Each structure stands twice: as structure tokens, then as C-alpha cells.
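# Coordinate inspection notes
Chain residues, written in single-letter form:
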Amino acid sequence: MAASAAVALRRFLPVMPGVAPSMSPPRLLSLRLPPPWSRRAGSDAAARYDVVVIGGGHAGTEAAAAAARGGARTLLVTHKIDTIGQMSCNPSFGGIGKGHLMREVDALDGLCARLCDRSGVHYKMLNRRKGPAVWGLRAQVDRKLYKENMQKEILNTPFLTVHEGSVEDLLLKEPESEHPGKCQVSGVLLGDGSKVHAGSVILTTGTFLRGMVLIGLEKHPAGRLGDQSSTGLAQTLEKLGFAVGRLKTGTPPRLAKDTIDFSILARQWADSHPVPFSFLSETVWIKPEDQLSCYLTYTNPKVEKIIHDNLYLNNHVKETTKGPRYCPSLESKVLRFPNRIHQLWLEPEGLDSNIIYPQGMSMTLPPELQEQVITCIQGLEKAKMVQPGYGVQYDFLDPRQLTASLESRLVQRLFFAGQINGTTGYEEAAAQVRCCTAAKLVLRLLSHIQALRILPGQAVNALRSCNHFDVWQGIIAGINACLRVCGKPPFTISRTEGYIGVLIDDLTTLGTSEPYRMFTSRVEFRAFLRPDNADSRLTPRGFEETGCVSRQRYERTSQIKAAIEEGVAVLKSLQLPPSKWSSLIPEIVISSSRSSPVRAFDILQYPEVNMELLARIFPESLGKLAEWRELAERLKIEVVYKLCTSNQQQEMEEVRRDEALRLPENLDYFTINASLSQEMREKLDSNRPQTIGAVSRIPGITPAAILNLLRFVKTNRQRTGGIKVPFRTGRSLPERNTDVLGKSEFQSSNLSRAF
Amino acid sequence: MRAGSCGSLLRWLAKRSYGCAQQRDTVFAVSSGHGKCGVAVIRTSGPASATALRRLTGRDELPRPRAVALRRIRDPGSAEPLDRGLVVWFPGPHSFTGEDCAELHVHGGPAVVSGVLQALGRLPGLRPAEPGEFTKRAFQNGKLDLTEAEGLGDLIHAETEAQRRQALRQMEGELGQLYQRWSQELTQALAYIEAFIDFSEDDNVEEDVLTRVDTAVAQLDRELRGHLQDGRRGERLRGGVHVVIAGPPNAGKSSLLNLLCQRPAAIVSPVPGTTRDVVETTLNVGGYPVVLSDTAGLRDARDPVEQEGVSRARDRLQQADLVLAVLDAAELAPQPGRLAGALQAVLPPSPPPRPCLLVLNKADLLAEQSRGALQQACAGDTLPPACLLSCMTREGTATLLRLLGGQLQHICGDPLVGSPSLTQTRHRLHLTSCLDALGRYHRGRAGDLVLAAEELRLARRHLGRITGQVGAEDILDIVFRDFCIGKKAVFKGTRSTTGLGWSLLGAPGEEPSLPQYRAAQSIGVTVGRPRVQPLGPSGKAEGPAREAQVHGMYMGMSGGGEGHLCSRVWTRLVNPVLG
């Protein structure tokens, strides 16, 4: 098994559809037909895949595609092939911080960025005036188009097989001794009773959701409870001891487009030069002038009064379950910031869709009152509510139970993506509910939710954010599931390398008590981790370490990376005296005290200067560089941040050093011989940080505790072999295991220098 | 199964010991001063403290926590009574170190103290504390932050009254609080700017938050600047004010040094140019610590050795906090107008202008009328405060000391008034970097907001480093450099040149250098002059070395051979004596 996987996973070049190599497993032509192996269900020869992905939401599709790109024979099991690629509540992708993630997923050859370039109807770069490091590319996406494109993509990925059905249970076996964990997953049991063996399994379904839909005072269970086919899986996970937390979120009512008076509202035009998400796209698919617009309206005191007067009818808002601080419901905005007006964005759902998504209006009042609220808002006086807003509470898997590669600590080879950060997938069903009376509507809604067996990975963030947290989770889980099968080291991204790294570290170290939203301020090295250089940061690593990046993309990245380096060198070599610069570019003020020549590199840092301007001064050396528009723009950005990023090198080195100080996964914080207070020990035990760097980010851990732990790690490193690190009890780790961990965990070239 | 129950037992044990790992040593040391005294306090810290207290008092029950109890103290081995004294029991975490602590207040005679220490040392799990270990444990258990720990270190090392007041203020966390307040303000400003970057497009974050950030940063800029422009008074108070005696040859500079330190520290002769090297000594003037340097007379010397001496004198003048300009009164008396010119030749040429005292020596040689003329010449505003002095007759000493005290107070400030002062160069370094970053923020605001925000982050990082709220490696560096290992660094430096111990002790009659002074201070030897001498030819210490032996003995016992210096002192000084 391992040998065949290794063969399949040899440095893998993208295989174009139709030219799949002979070792590729048979792909299904008609997906409605049962796959060939399922006919043999029950026989001894159970089907065998490298990676099985359960769930076809955003996380599932991205994970399955990533694993397949890496060369793993992958099976995607989803309840309904039709729902693959269905957009969640919010018909948008990207935003501030989230645009960065999209770029990084694209740098690893993920799907969503390329698909957005083929399905957007409104592209807008946010934060234009705040510096390129925080530009946030965002797009309103046509739901129908996106879904079509996604299905086309998934169904044409080599090595990827899609199976429509349910998963009944996990197949478990004895754990591998060299990794922590209670047991090891070896495959899945399908709803039809057949078994599929797998090298690793990625779970992206909301088995644990215990979802609860709330409208007014009504509460209805939703999600997968009572879903016969998944109770086995749910029970297995519960039995294994996975910890869950509970979160809440909400979604706004939907409005009929033709009943809104847009003429009196502020119109937000899309960019006249839409910037594509993907490094591979030259342009987006839509003509700039064909793009749709968004509109802006505001709340008013009347809205506030209705909400205040009817608080008693609002269970969701009153309850203590943690909701998002960042994208709060209209009710909590009104309660928290009274006497202020709040923005409401009216967003289109597609080119030929009559539905408008009122961003910022998420609420859980009884539907009649929601209609009242809507009609007292400017422009919406006659608006028809197509579907009411509602709140959702749900369980999520505590992400601290996962390693940075998203493999669970409890069960070896079991990866999670999707619900772990508290994303639910109720939106899917909700979007399809047609307008009807309130009471019926709730019933319809619930039946939809249950009937469609909501998949997680269809996110929640009710603000103008989007669900591609699942996408990155998916891509990382997919890559690592694939690497795990062929016994390669996991692919993790450090906080110094990408937003994905920050996100995973935050979630797996700190956990989350509210739906996690990416901000640029969470990122220490924002000036370096920019959307424009995501490819040069991640593509080479993805290509060399995982094989999930195509050679075409790799070569393109290498080419532009080399061109930028060369460009910087040329800019540094071109020098003129300050007086000469002043006469050539009168707009800039060069300090008069300088007498030595000034480099073109320094001049490009001025906001008024760009490559075109410099090319006019040095046509021979810079003419070619300036003509390549992408290169010219990237050079300008690179130069502006160069000083800051080189100053940060030392700080980044420190972070890397801290991250290189790995803590053994099974360390028993209650018994180690380090001076730590009980409180610290409990915190460390529940967070299970993987590195000293992660320890330092756990809130409430004192510098002294970090120091003592650091000393403990270092002492043990020095006495490797001589000392036995106490490990968590209750796990039958073989004796030699402790030694292996004691040694291997501290092996790092960085360490020898650090000590 | 067995492993499981064993683990839970361990965990239970760990919980019982307040989370301090059960294998952690218990340390003990004399915490009161060294030498014969009325009462000596012996302290233990660590999980075995309770056992130690039980064994030494011979009773099973412990005294009420944090209350004084009178107990007979016995040797647990022989049950022989050692003393009768007060014992206090501090169960963790409510103790100085955060661990279980016990204190034994016994009579201060060396025999009693060493008896109790030996008894403690024989108990299982107990060992003598390393220097600074109690503070280190307090820091490690989160009882002190870095500035507080530094303050405590200074408090222990404080030799003068003013130093003590400053250290106490710092230990109580005032300095830390100040830095923390700034850090909080900066954090808030940063939060505003971050909110503007991350939310302004979607949510209602008003444009005016940026104005608020600018105002806050400008305010902080002013406060930091003010704090930094305190004339280094905190650091001076901590490290000693550098007072340099300068003047033309044969004006009586070395005599003045000998007069002030009341012993013949420097060689004095009527031959001009006797002093070649810089001679340094430490003093306590009116509660302020002073590092006093005598320098070679300033003239165009021909002799290469003297030339080097003059060049060293000028170097030392550059570093002076206060200059004592010594001029020959008898020589100037006929032409008082030459005073200003003579003084100018002595003062350091480059800015900033340093505070100065004009000392007109050899007043005993003056006739009454020329004395009046000189005093008149000095009375004007153009010259620094002056006094007439005779090193020979000691006339004018009181005036000089009064003037000197006034200047010192001016330089160091009153440590109890105003905001707490900077006490460490480390603090100054980070504050300056912080201020630089704030300046760059103002300059960068018009351009890229991300770069401006980056500067605020950097500024906050520098503030955080002072109180130890930053990344793990940083804290480790700081702690090892400035806190407990700082002392070792000094030791290493000394040892690498001449071999430890001996270089610390120095030759008879030679003043210890500043590192030697500090090193000696850190092992508890009070220095001001060489009280420690190398062993005589007989292998026994002679003369003033006695005092050092006593210190050495205690250090040896409490240090337990830990740290290079203590063990050396032990073997070289104490062993032969005891032997």
C-alpha cells in the first residue's frame, strides 16, 4: 500500500484530463451511476483510495482537489453532487485580509480564486488608499455560475472520483507507534454498507453540529440530527472523545430586487479595471462595464425602536452563546452602539437573480417584525422579504485538537476541515426557500435544512466576509492528507510565511470562542505577507514539498520572482545626484543635505514616482521592466516595503526560532519538572501548543511561564536520551516512543544555534 | 493501567505542591546581613520548606501561616538544641517567591548561624541557594515583573540612602506601571489604526480615529522625551555619579582625592606630573553614590608616559558627570582675572557643558587680602560655584562637601519626587528606540498607512521589552543578561583577563576598577577600598582580609560552590583560614 502510494505520489506533474497515466484509477464518466467498486460492495475486495474526503462543501472540494493534484487517488463522498460548489449565505469572496487568503490558496493552486475570476459580477479592491499591503480584493459572485464552474472543475480533476452517498462510520485500527493518538483511521463505511479503505480521511461534514435555528422565540433543531446515515459517525467521534464548543451566528433576510427603490440610494460601482484573484488570470471573465453595482443604505432610529421594543421576542440575542463580535447581528449592533446609524449594503446575488442580500442586516426577530424593520429603511419601503433572517447555534470541533497540518491528535490520519473553526452550512438550504407566509416559511426552511443535510464548509460569517476559511482549511488538509499517505513530512505554513499560517496557528493554538474572521492586524509581518507576493512566498514551497502545484504555475512564479530580483538590482545600480533628480521629478522633495548620489531604488519609494516615470528617465535600463505591467506594479510595491521588511527580518528570525522550539505533542504539563503554576499548567494542557512560539501567544501565559518552559525544553534537548520526558498518561505509548519523541521533537538545525 | 494510576498519583502530587514540580529543590540561605549581628534571618523556599520547619522545630504541626511563633530550634540529626528563635511559615503561593517558604530568626552569632545552615543542608532535598535565587524564583513564579526584579536587585545592592529610595520605588512597580501605562496607550492607538485599516470600508469606523491616534502618539512622544531628558539621573543614582578631578599639574588633585576618601589612595609628591594613570575610588556623599577619579595634570607633556596620562585624563573628562576643577590658589592670587582662562583650559572642550565646581587649593598659602580678591573674583555669575580649600590644613572641606552635595542632588534629583526615573541603560535604549519609531510614525502617516502602523507596533514592542512582555527568547536574553546572570557576565570578564579572585582583590593600595567593584559587590563584599587582600606568603590572609573572610564564608555556604566566584573565594580565602 505504502509502496504503491509512493509510486503514485512521485513528483507529480499535472495530468491533463484525457491524458491520465495508466496508473490513474478509473474515473467516473457518469456520476449518477454507482462507481464500479460499489458494485462489489460486500465482497472481500473493498475499494482502496489514498485519500477519502467526506463532504462536498467548500472545504471538501478544495481538499479533494488538493489531494488529487498531489497525486493521491482521491474519493470525494458527498450527499448530493448537485450541491457541490453551492455558495453559502454570502454571495461574495474576498475582502480585507480574506483577499490575502484567496491569493495564498491560489498560490498553492487552489480552485476558488480561479473560479471567482470566472464567476464574479462585481469586483472591487477595498482599502485602495491604505497601502498595497492591506488591499483587499473582493468580488460579488454569481451563485449559479460559481456552482457550475466548480462542478466542472471537480468532475474533471484527474485522480479524483466523486461518489454520491453517505458515510456511516469510520474504520479504525491500532495506532502507529511513532505518532501520538489513540487509534488510526483506515477507511470509511459507506451508507450502502460497503467499505472503502483509505490512507487518510478528511472529514468536512458537520456531524457534530447539533444545529439550532432560531427565529424570534422559536427554536428548531437543524443540521444532521436524526440523520440516520451519520449517527454511526457521530457516535464514533463522540466516543473517541473529541471536544466541541458552541457558537452562534445569523443571516439576514433576503429581499426581492425588483421591489427596491435603488434610485434614491448611494451606488457603489465596481472597479473599472477589475483585478483578478488568481496569479494565472490575465483578466476576469466579465467586461468591466457589464458588472453589477452594490447599494448603500442605513439604519435609523425607527429600526432601533422596533428592535428595542421587541427584545423579549428574541431568544437568540439574549442567550449567552458566543456570537461574532466582528460581524454582529443588527440587534447586537443596536444594543451595543445605541443612537448611531449603521451601514447596510445591498448586494446582488447574480446576473439573472432577483435576490438581494442586505449585508449587515442579520437578525432573528419574528418574521413579521423583520418585515417591519425592512420597510422603515430608506429605499426598502416597498421591499418584499423573500426569506427571513434567522440565527443559528451550532457545535464546532475545538480546533485545538488538531495539529498545524489539521490532522487530529486523537485519531491518526484523520484530518478535519470545515466546521472546526465554527462554520456551519445552514445557508445552503435557506437560500432556496421561496417567499411565503411566516409560519409556513419556518417550516419550509427547516424541512429544507434537514432534507439537504446541510454541509459545513459553507460558512457563516454574516458580515461581508466569506467562507473561504474552509477553502484554506480544505487545501491544507488535502495537501497533508496526501503527504501523510506517502510518509512525507507535513506541510505547514509558518506565521512568517502567510496568512494561512497565522490562521492555522491562531485556531489550533488558541482555539476560538467566536466565528473566526481574518484581519490583517492579526498578522505580525503584514508588510511582508502581501497579496501581491503570495506566489513567491508559497508557490515554490508548494511545488517542491507537496507536488500539488503545477509546473506551469511554478515556472511562471520563478520567472517573475527572478525578474523582480533583477529589477531591484537594476534600480539599485542606477544613481543620479539629488539635484538632477529634483530637476527631473520636481514633485518630490529630496533632503537638500544629501550630496551623495541617490539610487533610483530610493526614488521609487516616493508615492509620486512609479516605474513608468523612471523608465522615461532611464529608457534603456528600465524600459523593458516598465512595459511588463504586472512586474512594474509589483516592483513598486516591493520597493516601498523593502526597508520595513528588511528591518523585520530579525523579528521574523525570532519568531522562526520560537517556532523551531517544538514541544513534544504528548508532554504532560501536570508532571513536568518545570516551575509552572497550576493555572499555567492547565492552560498549557488545554491549548497544547506545538511550539514555544505558540505558547507565547496563549493569552494569560506569563513571560515567566514561557521562560520556564523554554528552559525545560532546552534542558531536555541537552540531555536527550538521558532524561525521559513525562508524557500524558492514559495512552499506551510504548516505551521507545518517549525516546523517539525526546529526540526527534527537538531536532532542528535552528536549535543548535539557538542553544 | 499501572502507568495510568502512577500518572494520576504524580498529578495529584503536583497539584498539592501548588503546581511547582515536586522534584524542584528547596533552597536556603541567610537572608539578613552578613557578619556578627543581633538577629540573623535564614530563609528557605521550595516544597521541602514545611518538612524542614517540622524537623528543625521538632514539632509536627506548623505555626499559623504568616504569624510569628517562638520555637526551640534543634539539629534534626542529634536533637541538640541550636538556638531559640522566631519562626514564620509562609505557605505558597502567598509568599515572596510564590513557593512554600519558611523563615528562622535566630541569634546572629556565626556559630548559631552556621549550625542552623549545616542542619538545613543535611536535610534531604535542601541545598544552599545560588546568588539571587530567591528573586529569580519570585520572578519565575510571576511574583515580580522585570522592572520590579531589577528594582529589588538594586535595593539589595543600594549602598546609599538615595539609591535605596529609588530602588524601593522601582521595586514597588512604579517604573513598571509607568511603562505599562505608556504601553497601554500605545496599544490603544494601535488598535484604532488597525480598526481603521481592517474595518473602515465595511463598518462605521470614522475617519477621525486617525486624528485621535495622531494626538495620542504626539502626547506619548512628549512624555517619553521628558522622561528621557532627565539628565540620566536615575542611572547616575544607580551606578554612581562620575566626578572627575582635573586641573594643571601640581594643583593638588591627588591630595583632594585623598582628602575626600580620607586615606592615602593616590601617591602625592611635590613633583609635578606624579599622577600618570587615572585613580578611581567610590564614595558616599550626602547619600549619593560617587565614583571619584583623579587624573594626571593637564599640560603639554614631553614624557610619553605622561602624555598617555594626560590623554587618559582628557578621556575621563569627557565621561564626567561633574568636574572638580582644581586650581592653585596661590599661583592665581596675584591675577584673579586669569581665573576664567585657567578654568577653561581644564574643562572638557566638547559639549554638552558639564556641571563644575571650582576648587581653589592651597588656601593656606594665601595672604588675607589676596584671599578676599579671589573670593570676589569667584562671586560673579560667570564662574561656577567655587570654594577655597587647603588640602594640607583641611580648611574649607565642609564648604566643598556642601557644594558637592548640592550639585549631586541637582544631578540625581530627589528619587521620591516626580515620575520615577530611568534606572537602567537597558530602559534608555528601548525608550529611545520607541521614540524613534514614534517619530517615523509621524513622518510616515501621510504615505503608506501600513508602514505607519508598523512603526507603532515597533514602538510598543520596545516598551514591552522593558517590562518583559515580549517573545520568549527576548525575555530569556534580558533575564540572562541583566538580571541574575548579569553578575556572572561580570565574573567571566574579570576571569578571562587575570584569573578570578585575584583580579577582584587587586594589589595592596590599588583601587578596584568599576567591574571589580561591581563583582565584589555582588558577592557581598563591601568595597570602597581594597578590604580584601591576597593571601600572604604564609598562606594566611593578613590584615584587612578578615572582613572578607567572613563574607566569603557566608557566600561559600550560601552559594554552595555555585557560580565561579563563590567557589573561588571559598577555596582561596576561606579554606586556608578554616584549615
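Details of the structure are given in the entry above.
First things first, this report covers the structure right here in the doc. Just so we're clear, the structure is a prediction, and the values are computed from it rather than from any experiment.

## Here we look at the overall build of chain A
When its secondary structure is counted, chain A shows 27 helices and 23 strands. Relative to its full complement of 755 residues, chain A shows a buried share of 65%. Excluding contacts between residues fewer than 6 apart, the proportion of contacts in chain A whose partners are at least 24 apart in sequence is 75%. Here chain A has roughly 27,500 Å² of accessible surface; of this, 53% comes from carbon and sulfur atoms.

## Some words on helix H11 (residues 304-318) of chain B
Residue and element names in this part refer to chain B. Between its terminal C-alpha atoms H11 stretches 21 Å, which fits the 21 Å expected from 15 residues at 1.5 Å a residue. Taken together, the buried positions of H11 are Glu306, Gly309, Val310, Ala313 and Leu317. The arc that holds the buried residues of H11, viewed along the axis, is 100°, so those residues lie on one side. Where the residues of H11 are buried, they touch strand S7 (241-246), strand S10 (322-328) and helix H13 (339-346).

## Topic: unusual backbone geometry
Cis rather than trans, the peptide bond between Gly92 of chain B and Pro93 of chain B has omega equal to 0°. Residue placement: Pro93 of chain B occurs in the loop between strand S4 (81-90) and strand S5 (101-107). A positive phi is found at Arg413 of chain A, a non-glycine position, where the angle reads about 65°. Among the secondary structure elements, Arg413 of chain A is positioned in the loop between strand S20 (411-412) and strand S21 (414-416). Exposure remark for Arg413 of chain A: the relative accessible area of 12% places this residue in the buried category. Here Arg394 of chain B, not a glycine, exhibits a phi torsion of approximately 65°, which is positive. With respect to the helices and strands, Arg394 of chain B occurs in the loop between strand S12 (386-388) and helix H15 (397-412). On the accessibility criterion, Arg394 of chain B (52% relative accessible area) is exposed.

## Concerning the sheet that holds strand S3 (residues 92-94) of chain A
All names here are of chain A. One open sheet holds the 3 strands; their spatial order is S3-S5-S4, and the pairing between them is antiparallel. Looking along the sheet, the strands with just one partner apiece sit at the ends: S3 and strand S4 (120-126). If you compare each strand with its neighbour and ignore which way they point, the axes differ by 20° on average. Pairing analysis gives 6 bridges linking S4 to strand S5 (residues 136-141), with the strands arranged antiparallel.

## Topic: the pairing of strand S11 (residues 356-361) of chain B
Residue and element names in this part refer to chain B. S11 sits mainly inside the fold: 6 of its 6 residues count as buried. Neither face of S11 is left uncovered, since the one carrying Cys356, Leu358 and Leu360 and the one carrying Leu357, Val359 and Asn361 both have all their residues buried. Direction of pairing for S10 relative to S11: parallel, over a ladder of 6 bridges. By the bridge assignment for S11, Val326 is matched with Val359. Judged from the 3 bridges that link them, S11 and S12 form a sheet pairing that is parallel.

## Quick look at a nonpolar patch on the surface
A cluster of nonpolar residues, Val68, Leu70 and Leu86 of chain B, forms a patch on the protein surface that exposes about 260 Å² of accessible area. Note that Val68 of chain B resides in strand S3 (residues 68-74).

## Details of the side chain of Asp83 of chain B
Residue and element names in this part refer to chain B. By the element assignment, Asp83 lies in strand S4. For Asp83, which is buried and forms no salt bridge, the nearest opposite charge comes from Arg72, at a distance of 7.4 Å. A polar side-chain atom of Asp83 sits 2.7 Å from the main-chain amide nitrogen of His107. The residues contacting Asp83, other than those within four sequence positions of it, are Arg71, Arg72, Ile73, Val106, His107 and Val112.

## Looking at the nonpolar core
The biggest cluster of nonpolar side chains holds 99 residues, and the ones touching the most others in it are Val52 and Leu414 of chain A. Top element by residues in this core is helix H14 (residues 469-485) of chain A. It accounts for 8 residues.

## What about the sheet that holds strand S18 (residues 385-387) of chain A?
Residue and element names in this part refer to chain A. Strand order in this open sheet of 6 strands is S14-S15-S16-S17-S13-S18, and the pairing throughout is antiparallel. Pairing within the sheet leaves two strands with one partner each, and these edge strands are strand S14 (266-268) and S18. For this sheet, the mean inter-axis angle between neighbouring strands, taken without regard to orientation, is 35°. One ladder, built from 2 bridges, connects strand S13 (residues 254-256) with strand S17 (residues 355-359); its direction is antiparallel. In the sheet register, Leu255 faces S17, and the bridge partner there is Ile356.

## Some points on helix H16 (residues 534-546) of chain A
An α-helical turn contains 3.6 residues, so a residue and the one three or four places further along point in the same direction. Residues and elements named next belong to chain A. In a regular helix each residue adds 1.5 Å, so 13 residues correspond to 18 Å; H16 covers 17 Å between its end C-alpha atoms and thus fits that length. Summarising burial for H16: 11 of the 13 residues are buried, a large majority. Directly after H16, the chain includes Gly547, whose backbone phi takes a positive value near 70°.

## Some details on the environment of His427 of chain B
Tracing the backbone through its elements, the reader meets His427 of chain B in helix H16 (residues 425-444). Along the primary structure His427 of chain B and Arg465 of chain B are separated by 38 residues, whereas in three dimensions their C-alpha atoms are 8.7 Å apart.

## Here's the deal with the packing of aromatic side chains
Residues and elements named next belong to chain A. Scanning the model with the defined rule gives 6 aromatic pairs over all chains in all. Taking 4.3 Å as the distance between ring centres and 35° as the angle between the ring planes, the aromatic pair formed by Phe262 and Tyr295 counts as tilted. Of this pair, Phe262 sits in the loop between S13 and S14 while Tyr295 is found in strand S15 (residues 294-298), placing the two residues 33 residues apart along the sequence. Taken together, a centroid distance of 4.0 Å and an interplanar angle of 10° make the contact between Phe543 and Tyr554 stacked. Highlighted residues: Phe543 in helix H16 and Tyr554 in helix H17 (residues 551-573), separated in sequence by 11 residues. Above the plane of the ring of Phe279 lies Arg103, whose end atom (NZ or CZ) is 4.9 Å from the centre.

## Quick look at the state of the cysteines
Residue and element names in this part refer to chain A. For the structure shown, the criterion picks out 0 disulfides over all chains. Unpaired in terms of disulfides, Cys482 finds its nearest cysteine sulfur in Cys486, a separation of 5.5 Å. Residue class for Cys482 comes out buried when judged on its relative accessible area of 2%.

So, how was this worked out
- Residues numbered from 1 in each chain as written.
- Chains lettered and ligands numbered in written order.
- Predicted model: local features only at pLDDT ≥ 70, side-chain atom pairs only at ≥ 80, totals over all residues.
- Heavy atoms only, no water.
- Helix = DSSP H or I, 4+ residues; strand = E, 2+ residues; numbered from the N terminus.
- Buried < 20%, exposed > 50% of the residue type's maximum accessible area, 1.4 Å probe, protein only.
- Contact = heavy atoms within 4.5 Å.
- Areas by Shrake-Rupley, 256 points an atom, 1.4 Å probe, with all protein chains shown as cover.
- Expected span 1.5 Å × (residues − 1).
- Arc of directions from axis to C-beta.
- Pairing = 2+ DSSP bridges.
- Axes fitted to C-alpha atoms, helices over the stretch in contact; angles between N-to-C directions.
- Patch = residues over 30% accessible without salt bridge, like charges linked within 9 Å, V, L, I, M, F, W, Y side chains within 5 Å.
- Salt bridge = Lys/Arg side-chain N within 4 Å of Asp/Glu carboxyl O.
- Lys, Arg positive; Asp, Glu negative; His and termini not counted.
- Polar contact = N/O pair within 3.5 Å; in protein donor to acceptor, adjacent residues only side chain to side chain.
- Core = buried A, V, L, I, M, F, W, Y, C linked by side-chain atoms within 4.5 Å.
- Phe/Tyr/Trp six-rings, centres within 6.5 Å; stacked < 30°, edge-to-face > 60°.
- Lys NZ or Arg CZ within 6 Å of the ring centre and 35° of its normal.
- Disulfide = S-S within 2.5 Å.

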